[in-house]
Amino acid sequence: MEATRALLVWPLHLAPSAGTSVEWHSPVHRKLLVFSWILLALAFALSESALAGNGGIAPPEPASPSAERIRDAYWLVLGFTGAIFVLVEGALLLFIVRYR
């Protein structure tokens, strides 16, 4: 953790001498690290509103037996397409990082 804090504070021209415990990463890794922390903070900030009742993803409460089956089918399709989305985005990020 100490290396990460030093990484975000010290500019490159003031790098510590060899033999210190601070590890320096390339500018791309630092940008990725900062972007990841910002994205994580944003996810935590917005997660509270997503848990507050019907956040726009859930269908309304079923009012009939047919509506209940439709709601079940909705959740099944949402789960299936959500899993495909996560796989595709993960592959995309993997290729971006590996073949940049």
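See the structure above.
Presented here is a report on the structure given in the accompanying data block. (Residues numbered from 1 in each chain as written. Predicted model: local features only at pLDDT ≥ 70, side-chain atom pairs only at ≥ 80, totals over all residues. Heavy atoms only, no water.)

1. Quick word on a nonpolar patch on the surface
Okay, so step 1: Together, Leu32, Phe35, Leu39, Leu42, Leu46, Leu92, Leu93, Ile96 and Val97 make up a nonpolar patch on the protein surface, roughly 850 Å² of accessible area in all.
Okay, so step 2: A total of five residues in the nonpolar patch trace back to one element, the largest contributor, which is helix H2 (residues 27–50).
Okay, so step 3: Along the polypeptide, Val97 turns up in helix H3 (residues 65–98).
Okay, so step 4: Classification of Val97 as partly exposed rests on a relative accessible area of 42%. (Patch = residues over 30% accessible without salt bridge, like charges linked within 9 Å, V, L, I, M, F, W, Y side chains within 5 Å. Areas by Shrake-Rupley, 256 points an atom, 1.4 Å probe, with all protein chains shown as cover. Salt bridge = Lys/Arg side-chain N within 4 Å of Asp/Glu carboxyl O. Helix = DSSP H or I, 4+ residues; strand = E, 2+ residues; numbered from the N terminus. Buried < 20%, exposed > 50% of the residue type's maximum accessible area, 1.4 Å probe, protein only.)

2. Observations concerning the pattern of salt bridges
Okay, so step 1: Applying the stated criterion across every chain yields a total of one salt bridge.
Okay, so step 2: In this structure, Glu61 engages Arg71 in a salt bridge whose closest nitrogen and oxygen atoms are separated by 3.7 Å. One end of the pair, Glu61, is in the loop between H2 and H3; the other, Arg71, is in helix H3, with 10 residues separating them in the sequence.
Okay, so step 3: Judged by its relative accessible area of 65%, Glu61 is exposed.

3. Some details on the side chain of Arg71
Okay, so step 1: By relative accessible area, Arg71 is classed as buried at 18%.
Okay, so step 2: Within polar-contact distance, the side chain of Arg71 engages the backbone oxygen of Pro59 at 3.2 Å. (Polar contact = N/O pair within 3.5 Å; in protein donor to acceptor, adjacent residues only side chain to side chain.)

4. Some thoughts on the packing of aromatic side chains
Okay, so step 1: Within the structure shown, the criterion is met by two aromatic pairs.
Okay, so step 2: Arranged with centres 5.4 Å apart and planes meeting at 75°, the rings of Tyr74 and Trp75 form a pair that is edge-to-face.
Okay, so step 3: We classify Tyr74 as partly exposed; its relative accessible area is 32%.
Okay, so step 4: Given the relative accessible area of 36%, Trp75 is considered partly exposed.
Okay, so step 5: Ring plane angle 20° and centroid distance 5.7 Å describe the contact between Phe95 and Tyr99, whose orientation is recorded as stacked. (Phe/Tyr/Trp six-rings, centres within 6.5 Å; stacked < 30°, edge-to-face > 60°.)

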